[in-house]
Amino acid sequence: MSQALTISNLRVTLGGNEILTGIDATIAEGEFIGIFGPNGAGKTTLVRAILGNLRPTTGSISIFGEPPAQAARRIGYMPQGNSGLELTALSARAMVEAVCRGEKWGIPWTTPNDRREVERVLQLAGAATYADRPYSVLSGGERQRVMLAQALLGRPRLLVLDEPLASLDPKNQSLLIECIAEIKRQTRATVLFVAHDMNPLLHVMDRVLYMAGGGAVLGPLDEVVNSESLTQLYRFPIEVVRAGPRVFVVATEGNVTESECAHHDHD
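On a predicted model such as this, the values are computed, not experimentally measured, just so you know.

Moving on to the pairing of strand S1 (residues 3-14). Strand direction decides the pairing type here: S1 and strand S2 (residues 17-28), joined by nine bridges, are antiparallel. Pairing of Thr6 across the sheet is with Thr26, part of S2. The pairing of S1 with strand S4 (residues 58-63) spans five bridges and is classified as antiparallel. When the bridges of S4 are listed, Thr6 appears paired with Ser62.

Our next topic: the packing of helix H5 (residues 140-152) against helix H6 (residues 170-187). Viewed as axis vectors pointing N to C, H5 and H6 meet at an angle of 20 degrees, and their least axial separation amounts to 10 Å. Our classification of the angle between H5 and H6 gives roughly parallel. Considering the relative orientation of H5 and H6, their crossing is right-handed. Each of Gly141, Gln144, Arg145, Leu148 and Leu152 in H5 lies in contact with H6, whose residues at this interface are Asn172, Leu175, Leu176, Cys179, Ile180 and Ile183.

Our focus in this paragraph is the pairing of strand S8 (residues 207-212). In terms of burial, S8 is a largely internal element, five of the six residues being buried. Pairing between strand S3 (residues 32-36) and S8: four bridges, direction parallel. Bridge assignment links Ile35 to a residue of S8, and that residue is Leu209. Pairing geometry for S8 and strand S9 (residues 215-219), over five bridges, is antiparallel. In the strand pairing of S9, Ala212 is matched with Gly215.

Turning our eyes to something else, we now look at the pattern of salt bridges. All told, the structure shown has twelve salt bridges when counted by the stated rule. A salt bridge links Glu66 to Arg74, with the shortest nitrogen-to-oxygen separation between them at 3.3 Å. Through salt bridges that share partners, Glu66, Arg73 and Arg74 make up one connected network.

Scoring rules and cut-offs
- Residues numbered from 1 in each chain as written.
- Predicted model: local features only at pLDDT ≥ 70, side-chain atom pairs only at ≥ 80, totals over all residues.
- Heavy atoms only, no water.
- Pairing = 2+ DSSP bridges.
- Helix = DSSP H or I, 4+ residues; strand = E, 2+ residues; numbered from the N terminus.
- Axes fitted to C-alpha atoms, helices over the stretch in contact; angles between N-to-C directions.
- Parallel < 35°, antiparallel > 145°, perpendicular 65-115°, else oblique.
- Left-handed = near helix turned anticlockwise from the far one by under 90°.
- Contact = heavy atoms within 4.5 Å.
- Buried < 20%, exposed > 50% of the residue type's maximum accessible area, 1.4 Å probe, protein only.
- Salt bridge = Lys/Arg side-chain N within 4 Å of Asp/Glu carboxyl O.

Structure representation (structure tokens):
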């Protein structure tokens, strides 16, 4: 199986602070990887480096054998947060058409091929039924499907999804996860899924990339998310608690779970 993403001794320093301190990871084509970690762990920094928006201080990133800048056409990116266009009069379909050629924001003259591609991704993301409604009146879950459709334009081989579950209720989280899992099955794309809570993703992930203290560990869930592994990563006493099928990461001093303090991540 070919490699989708190879990260070698990645170090990133910003403002004199070392954010990532030497990360190594090799991800095979077609894997579904969940990326987790506490506030300030560097998840967003890692995403920016993968996208080619941030140059590493040292080390390298290879995406299908190319550096990020050359591999951009192979990457579909769904950014964290809203689009900034919550009050737009544009329809959901127009929102996707606006970026269908990877251009700067604006409504291009669409060709029949463009329109077929837009329809394809709207169907794939489960947004076709409300594609002609104004984006401003859509629910949070519906807006996320539109953003997902944008990320699917051009048939990317690597999907980078940055906190797509944020602000969604449990039902819509589950529906979006199942949609993304089906997209992966149909397209065989590699998925990097950044989230705070790993529990909704336990049944779809192949492996976990857990980040803390500037470092990261990649591997199967049980090998990574256990008390010994995370204590070493955090350099702080950590306990992993299992309650039925759910997993909780707990700092043993203060008994604060990650899920309770992870809603204001600005890393």
